[in-house]
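Overview (structure and organization)
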Amino acid sequence: MRALEERIRREGLILSDTVLKVDSFLNHQVDTALALEIGQEFKRIFAGKPITKVLTIEASGIQFAMATGIALDVPFIYAKKKKAVTLAEQVYTAPVHSFTRQETYQVSISQKYLGPDDNVLIVDDFLATGAALVGLVNIVRESGATLSGVGCVIEKGFQEGRGLLEEMGVEVHSLARITKMSPGEIHFAEADSPAAIKEKV
Ligand code: G4P
């Protein structure tokens, strides 16, 4: 998605060879018009699939799952990382190991909102190690729903997430696929020419 790649080049801060900060427009302050365009793009990519629910994980996937739900005119669900007291009913759970926080937590979704009649599109902001997304795929499978695929806004293609999901037989699409980055430069999968990103660290 050209507009997204350009925005990453302009405003993204590459903190290291593996960490990209995009919190001025994607996952802290959110550019709402861009988020809605992202929803439309996922609708275009997954056109023809009879999607009934969009699924994500809190927190930073929520705005893109909502935009995609609006584009497809279906509800979205977000998996919770902590079980709230109000979530008293039966839940699907999956363990997710967070490499950034070095801890394993249980994600949960009420069984009321996902079942064999559903066709699910999973959406998230980053595809990195794939830990959270693999957990969501396992929950969709446990529920008996059909999985149409996974859509990620930014993929760090040099990490193992895509490989893990594809090994599970999951169709994966991302809107900006980074093949390589380091402070000062970033390469995307399609227009793979180096471009300077201003370092503002
Ligand atoms: P994933 O590939 O399935 O997303 O799992 P992974 O365990 O690799 O990612 C852990 C968390 O770190 C995720 O957010 C993910 O969105 C975020 N993340 C991974 N790489 C980057 C990066 O380069 N930049 C930024 N800004 N975030 C990154 P999370 O822990 O679920 O937190 P949140 O959604 O509550 O913000």
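Before any of the text, the structure's been laid out above.
Residues numbered from 1 in each chain as written. Predicted model: local features only at pLDDT ≥ 70, side-chain atom pairs only at ≥ 80, totals over all residues. Heavy atoms only, no water.

Here's the deal with the pairing of strand β8 (residues 146–156)
Within β8, 9 of the 11 residues are buried, which leaves it mostly tucked inside the rest of the structure. Bridge count for strand β7 (residues 119–127) against β8 is 8 bridges, and the pairing is parallel. Paired with Val-120 across the strands is Leu-147, a residue of β8. Note that the unit made of β7, helix α4 (residues 131–143) and β8 has a crossover that is right-handed. Relative to strand β9 (residues 172–182), β8 runs parallel, the two being bridged by 6 bridges. (Buried < 20%, exposed > 50% of the residue type's maximum accessible area, 1.4 Å probe, protein only. Helix = DSSP H or I, 4+ residues; strand = E, 2+ residues; numbered from the N terminus. Pairing = 2+ DSSP bridges. Right-handed = clockwise from strand over helix to strand, strands pointing away.)

Focus on the site of the ligand
Near the ligand, the surroundings consist of 19 residues, among which Leu-20, Ala-128, Thr-129, Gly-130 and Lys-156 are the closest. Within the backbone of Ala-128, an N or O atom sits 2.7 Å from an oxygen atom of the ligand. Summarising the interface, the protein chains cover 84% of the accessible area of the ligand, which totals 710 Å² for the free molecule. Of all the elements in the fold, those that place two or more residues in the shell around the ligand are β7 and α4. (Near = heavy atom within 4 Å. Polar contact = N/O pair within 3.5 Å; in protein donor to acceptor, adjacent residues only side chain to side chain. Areas by Shrake-Rupley, 256 points an atom, 1.4 Å probe, with all protein chains shown as cover.)

Structural notes on the pattern of salt bridges
For the structure on display, the rule yields 9 salt bridges. Between Glu-11 and Arg-7 there is a salt bridge, and its shortest N-O distance comes to 2.8 Å. Of the two residues, Glu-11 and Arg-7 are both situated in helix α1 (residues 2–11); the distance of 4 residues between them amounts to about one turn of the helix. Classification of Glu-11 by relative accessible area gives partly exposed; the value is 22%. A relative accessible area of 14% means that Arg-7 is categorised as buried. Look at the salt bridges and you will find they share partners, linking Glu-155, Arg-162, Glu-166 and Arg-177 into a network. (Salt bridge = Lys/Arg side-chain N within 4 Å of Asp/Glu carboxyl O.)

Section: the packing of helix α2 (residues 32–45) against helix α3 (residues 62–72)
Where α2 meets α3, the closest approach of the two axes is 7 Å, and the angle between their N-to-C directions is 55°. In terms of orientation, α2 and α3 fall into the oblique class. In this structure, α2 crosses over α3, and the sense of that crossing is right-handed. Contact with α2, carried on its side by Ala-35, Leu-36, Ile-38, Gly-39, Gln-40, Phe-42 and Lys-43, involves Phe-64, Ala-67, Thr-68, Ile-70, Ala-71 and Leu-72 of α3 and no other residues of that element. (Axes fitted to C-alpha atoms, helices over the stretch in contact; angles between N-to-C directions. Parallel < 35°, antiparallel > 145°, perpendicular 65-115°, else oblique. Left-handed = near helix turned anticlockwise from the far one by under 90°. Contact = heavy atoms within 4.5 Å.)

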